[in-house]
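Spelled out, the chains give:
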Amino acid sequence: MLPKNYQLIYEIVEESGLGHHLTPSEIYALARRRRPGLGLTTVYRGLERLRDLGLVSELNVPGADAAAYEPSGPRHAHFRCKRCGTIEDVAFAIPARTLRKLAAAHGFTIDAERITFGGRCSACSA
Ligand SMILES: [Zn+2]
Ligand SMILES: [Zn+2]
């Protein structure tokens, strides 16, 4: 059972839906509307816990100011626009066969994968 405050944070990330990436301060603002006494530290701790439990995914996108959070869902990559900073989901993941080959060649095990593309989003390249 999750503490009530963490449950609320989880719901906020889930409700944002796939393809949305919320920063802790955005989550904090949304959480305060429902539970005004909630502190920012609780939000940070809750996000850490939810991430460790695999209930939300954390993204650390190069060039972005803060980590962002999204519902955990199918593996995907991200794209960050260098001009406007928008982050989009990209339906791409390294094939399992390639990961196995890399792991075997290096003698390590892989349990995390982060792919971020950079460039200009469609609006900024128009
Ligand atoms: Zn852009
Ligand atoms: Zn995403």
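Here goes a summary of the coordinates provided. (Residues numbered from 1 in each chain as written. Chains lettered and ligands numbered in written order. Predicted model: local features only at pLDDT ≥ 70, side-chain atom pairs only at ≥ 80, totals over all residues.)

When helices and strands are tallied, the protein chain shows five helices and five strands. Along its sequence from the N terminus, the protein chain presents helices and strands in the succession α-α-α-β-β-β-β-α-β-α. Along the longest, intermediate and shortest principal axes, the C-alpha atoms of the protein chain span 50 × 40 × 20 Å. Taking the intrachain contacts of the protein chain between residues at least 6 apart in sequence as the baseline, contacts between residues at least 24 apart amount to 47%. (Helix = DSSP H or I, 4+ residues; strand = E, 2+ residues; numbered from the N terminus. Contact = placed C-beta atoms within 7 Å.)

Ile 9, Val 13, Ile 27 and Tyr 69 are the most contacted members of the largest nonpolar core, which totals 15 residues. Of all the secondary-structure elements, those providing two or more residues to this core are helix H1 (4-16), helix H2 (24-34), helix H3 (40-52) and strand S2 (68-71). Per-element accounting of this core gives the leading share, five residues, to H1. Other than its neighbours up to four places away in sequence, Ile 27 contacts Ile 9, Ile 12, Val 13, Leu 22, Val 43 and Tyr 69. (Core = buried A, V, L, I, M, F, W, Y, C linked by C-beta atoms within 7 Å. Buried ≥ 20, exposed ≤ 12 C-beta atoms within 10 Å, placed from the backbone.)

On to helix H4 (residues 96-106), then. In terms of burial, H4 is a largely surface element, zero of the 11 residues being buried. Looking one or two places after H4, you find Gly 107, whose phi comes out positive at around 75°.

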